[in-house]
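Topology and contacts: notes
Listed here are the chains, written in short residue letters.
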Amino acid sequence: MAAFLYRLGRFSFRRRRLVALLWVVVLAACAFAAAKAPAAPEDGFSMPGTESQKAFDLLDQRFPGGNSNAADARIVFVAPEGQKVTAGPNKAAIEEIVADVAGGDQVKGALDPFKMAGAVSKDGTTAYSTVSYDVQSIDLTDATTKALEDAAEKGRDAGLTVELGGSALVPEGELGGTTELVGVAAAAVVLLITFGSLAAAGLPLLTAIVGIGIGVASIVAIGMSTTTTTLALMLGLAVGIDYALFIVSRYRTERAEGHDAEEAVARAVGTAGSAVVFAGLTVVIALAGLSVVGIPVLTKMGLAAASTVVIAVLVAMTLLPALLGFFRDAVLPRTQRKGSKGSEGRRQRARDGRPNLGTRWARLVIRQPLAVLVLSILGLGLISVPTLDLQLGMPGDESKSTSTTQRRAYDALADGFGPGFNGPLTVVVDAKTAEDPKAAAARAAKQLTATDGIVATTPPAFNEAGDTAVITAIASTGPSSADTTDLVHTIRDEARGLKSETGAKLLVTGATAVNIDVSQKVNDALLPYLALVVGLALLLLMVVFRSLLVPLKAALGFLLSVAAAFGVIVAVFQWGWLADTLGVEQTGPVMSMTPIFLIGVVFGLAMDYEVFLVTRMREAYVHGERPGEAIVTGFRHSARVVGAAAVIMIAVFAGFIGMSESMIKMMGVGLAVAVFFDAFVVRMTLVPAVLALLGDRAWWLPKWLAKVVPQVDVEGEKLSHGDPSAPAPASEPAPDPVRA
């Protein structure tokens with residue numbers, strides 16, 4: 001591995017103009033293909049195998065033209081204080097508004113609340129109109145959405161309080177690239193402080209932008225939706241900067257050791273590049289493993305992000321060495337540039353210099369490894385305690401900021417009609433095999449009405465064939481309530497009795513039931529996902545470190561940091577700790593997707609830090625240093641860079657905390673604290689303590705297993721010992737045919 005990457009790095013350096021040109025051509029081709037690609041269809045949130053999905057499929061089949069995925073909107077009217085919506089002027093204004101909306105393009109129908117049962121609250125203060133469209137929300141034109149907003153303004157001008165909800169509303173584009181720009185700016189500052197050179201700080205940013213440019217353009221070109229690119233953009237930026245950061249750092253170290261630019265690039269790619277390859281593989285495993293959840297949109301996101309990580313690795317292995325050929329001295333510290341020819345003097349200054357912070361920290365940890373280990377585990381364990389109360393759900397409009405019309409519409413409906421009105425259950429009665437379909441549907445409606453927790457039901461509405469009916473049931477509790485989840489399970493359990501009595505099947509769907517099924521599916525997939533990702537990563541790390549205990553320690557440390565991150569999320573978003581400080585307006589269940597996303601993203605980044613830090617220790621150990629010395633050497637060379645990479649990631653993720661969207665805020669908090677715990681508590685503290693306690697045993701591998709595990713030479717041992725498979729030694733570098 002090291003010898004191959006050594007040759008690749010040297011080739012890229014020598015043929016830098018060709019390599020750079022090829023990457024520019026690839027970027028331009030992908031951008032052109034993305035620009036010419038037709039608009040991608042909206043990702044349908046299908047979940048094969050779940051009852052709610054089966055019900056949606058049945059509705060599409062039995063109610064042709066119904067389009068269960070079509071957009072809808074809800075216009076909520078609230079009368080001025082002391083008045084009712086049924087009063088003459090208010091009623092006339094509402095009817096006029098509904099009629100205007102009903103006549104719009106793409107509108108299938110708009111229901112008049114005064115002609116629809118149950119659309120006016122009992123106290124007469126609130127009414128609503130449901131607007132249905134004949135296309136999906138992504139296909140709605142600007143004119144259609146503007147007509148909806150204009151209708152709301154017209155109602156407000158008439159003195160009514162009017163709010164909007166439903167899938168037809170275009171999500172507020174508050175991200176709009178701002179978060180990414182904040183992350184890039186923070187990364188630039190950290191890189192500049194770390195390297196003290198504009199060129200050294202700029203190259204990781206440039207290569208990361210090229211990588212995500214190619215990755216995202218490719219995703220768009222092959223027809224994936226923009227939502228699929230979210231994870232790819234975030235991780236592509238993260239790992240792209242990380243990988244280039246480590247190679248540039250190693251290049252500077254090799255130059256400080258007296259090697260010329262070409263040899264330093266080759267060695268940096270052969271050693272740090274080997275760590276990049278294996279770190280990238282762990283990230284790819286974590287992302288591709290998202291497919292085990294069984295949610296197609298999640299699988300697409302994982303595979304798209306994994307492809308972006310692969311591109312980031314290829315860019316770091318080829319484009320970065322080529323660019324270093326153009327900026328061979330510009331990336332060095334100013335003092336090193338001034339004395340670039342005096343290699344012996346540089347080595348002497350390095351020997352005489354004061355130990356850096358990483359060296360001092362490592363020596364402190366290995367002096368009292370047991371105490372450090374116990375304190376680290378107790379600290380993370382204490383922070384993890386709230387995880388025991390983790391409740392998963394799919395927060396809806398109730399979790400949005402009160403500054404949004406969706407949240408205000410949600411609150412108005414809850415006040416006027418009850419909390420369950422915002423999450424109606426759609427009950428589908430498949431009476432095709434029943435002897436008397438109408439009697440079966442009537443029996444189902446009666447059974448639903450008698451169920452505890454149901455406060456209202458609509459009469460069964462049959463399709464034209466008369467073999468399928470739809471009943472809408474309103475729960476007494478809100479859509480994200482645990483009581484509502486229990487209610488859905490109760491209805492499904494009672495459906496077995498209906499089938500035995502009438503021969504009809506009863507299926508529960510609707511947004512609330514879908515969210516419940518998503519939570520259950522993610523819950524069921526969590527352990528298999530962890531087993532798959534951690535298991536494959538253990539095998540990969542065993543190959544990298546040729547050890548049993550180091551990979552096991554890496555996995556256990558990751559679990560500690562993730563548990564602590566979940567503890568923080570529960571404390572903030574469920575219990576309300578620091579909620580006001582972070583701008584969390586509504587506490588409730590943790591979004592169902594959070595554990596899977598958090599595990600996948602953090603696992604990849606955690607293994608990055610593990611590989612980069614411990615590989616340098618392994619390298620020192622293989623080259624003859626004692627275990628304690630190897631730990632100090634690894635920290636001396638890698639701690640500052642790992643710390644800088646972690647700070648960059650924390651800054652990128654923390655940018656999401658300022659968003660008003662609760663789910664985005666949740667991911668920002670979770671990812672930022674998880675990276676902090678993993679980088680600074682686990683990798684920087686717990687790892688050296690464990691390795692110090694294990695000593696030589698940390699690098700032990702049974703003889704029978706050593707024969708099976710392939711030798712990949714991540715440490716570059718062959719390069720140091722002049723292996724024949726390596727290219728010419730550093731003392732006799734091949735002439736450079738191309739002059740920058």
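Refer to the structure printed above.
Quick notes on the rules
Residues numbered from 1 in each chain as written. Predicted model: local features only at pLDDT ≥ 70, side-chain atom pairs only at ≥ 80, totals over all residues. Heavy atoms only, no water. Pairing = 2+ DSSP bridges. Helix = DSSP H or I, 4+ residues; strand = E, 2+ residues; numbered from the N terminus. Axes fitted to C-alpha atoms, helices over the stretch in contact; angles between N-to-C directions. Contact = heavy atoms within 4.5 Å. Parallel < 35°, antiparallel > 145°, perpendicular 65-115°, else oblique. Nonpolar A, V, L, I, M, F, W, Y, C, P; charged D, E, K, R; others polar. 1 Å grid on protein atoms, 1.4 Å probe; cavity = no way out; pocket = protein on both sides within 12 Å on 5 of 7 lines; lining within 4 Å. Points joined across faces, edges and corners; volume = space filled by probe spheres on them. Expected span 1.5 Å × (residues − 1). Buried < 20%, exposed > 50% of the residue type's maximum accessible area, 1.4 Å probe, protein only. Core = buried A, V, L, I, M, F, W, Y, C linked by side-chain atoms within 4.5 Å. Left-handed = near helix turned anticlockwise from the far one by under 90°. Patch = residues over 30% accessible without salt bridge, like charges linked within 9 Å, V, L, I, M, F, W, Y side chains within 5 Å. Areas by Shrake-Rupley, 256 points an atom, 1.4 Å probe, with all protein chains shown as cover. Salt bridge = Lys/Arg side-chain N within 4 Å of Asp/Glu carboxyl O. Bend = angle between axes of the 7 residues up to and from the residue.

Here's the deal with the sheet that holds strand S1 (residues 72-78)
In spatial order, the strands read S2-S3-S1-S4; together these 4 strands make up an open sheet with antiparallel pairing. One side of each edge strand has no neighbouring strand; the edge strands of this open sheet are strand S2 (107-110) and strand S4 (161-165). Between one strand and the next, the sheet's axes are offset by a mean angle of 20 degrees, whatever the strand orientation. Sheet topology places S2 next to strand S3 (residues 126-133); 3 bridges connect them, and they run antiparallel. Considered in S3, the bridge of Val107 is made with Tyr133. Relative to the sheet, helix H5 (residues 142-157) contacts S1, S3 and S4, its axis offset from that of S4 by approximately 155 degrees.

Considering the packing of helix H18 (residues 511-545) against helix H21 (residues 593-622)
At their nearest, the axes of H18 and H21 sit 10 Å apart, and the two run at 10 degrees to each other. Here H18 is positioned roughly parallel relative to H21, judged by the angle of their axes. Touching Val518, Val522, Leu526, Tyr529, Leu530, Val533, Val534, Ala537, Leu541, Val544 and Phe545 of H18 are Met593, Pro595, Ile596, Ile599, Gly600, Phe603, Met607, Glu610, Val611, Val614, Thr615 and Arg618, all from H21. Residues of the contact of H18 with H21, tallied by class, amount to 19 nonpolar, 2 polar and 2 charged.

A look at empty space enclosed by the protein
The final tally for this structure, using the stated rule, is 3 cavities of 30 Å³ or more. In this model, the largest cavity occupies a volume close to 160 Å³. Taken together, 15 residues form the lining of the largest cavity, with Arg250, Ala272, Phe612, Arg616 and Ser638 sitting closest to its centre. When residues of the lining of the largest cavity are traced back to their parent elements, those giving at least two are helix H8 (229-256), helix H9 (261-288), H21 and helix H22 (627-654). By residue number, the principal contributor to the lining of the largest cavity is H21, which donates 5 residues. Split by residue class, the lining of the largest cavity holds 6 nonpolar, 6 polar and 3 charged.

Overview of helix H1 (residues 2-14)
Taking 1.5 Å of rise per residue, 13 residues should cover 18 Å, and H1 covers 18 Å from first to last C-alpha, within 8% of that figure. Along H1, the residues that are buried comprise Ala2, Ala3, Leu5, Tyr6, Gly9, Arg10, Ser12 and Phe13.

Here we look at the environment of Glu96
If you trace the backbone, Glu96 turns up in helix H4 (residues 88-102). The class of Glu96 is partly exposed, set by a relative accessible area of 44%. A C-alpha to C-alpha distance of 9.4 Å links Glu96 and Ala151, two positions 55 residues apart in sequence.

Description of the nonpolar core
If you look at the biggest cluster of nonpolar residues, it comprises 164 residues, and the most contacted ones within it are Leu231, Tyr243 and Phe653. The biggest single contributor to this core is helix H10 (residues 296-326), with 18 residues. With residues up to four places along the chain from it excluded, the contact list for Leu231 reads Gly236, Leu287, Leu290, Met301, Ala305, Phe597 and Val601.

Side note on the packing of helix H2 (residues 16-36) against helix H7 (residues 198-221)
Taken N-terminus to C-terminus, the directions of H2 and H7 make an angle of 35 degrees; their axes are 8 Å apart at the nearest point. The two elements H2 and H7 meet at a crossing, and its hand is left-handed. Each of Trp23, Val26, Leu27, Cys30, Ala31, Ala33 and Ala34 in H2 lies in contact with H7, whose residues at this interface are Val210, Gly213, Ile214, Ala217, Ser218, Val220 and Ala221. Each residue belonging to the contact of H2 with H7 can be placed in one class, and the counts come to 12 nonpolar, 2 polar and no charged.

Notes on a nonpolar patch on the surface
Together, Val292, Leu532, Leu536 and Leu539 make up a nonpolar patch on the protein surface, roughly 310 Å² of accessible area in all. In this fold, Leu539 is placed in helix H18.

Brief notes about H18
In a regular helix each residue adds 1.5 Å, so 35 residues correspond to 51 Å; H18 covers 48 Å between its end C-alpha atoms and thus fits that length. Of all bends in H18, the biggest is about 35 degrees, found at Leu526, and the proline Pro528 comes one to four residues later. Immediately beyond the C-terminal end of H18, within one or two residues, lies Arg546, with a positive phi of roughly 50 degrees.

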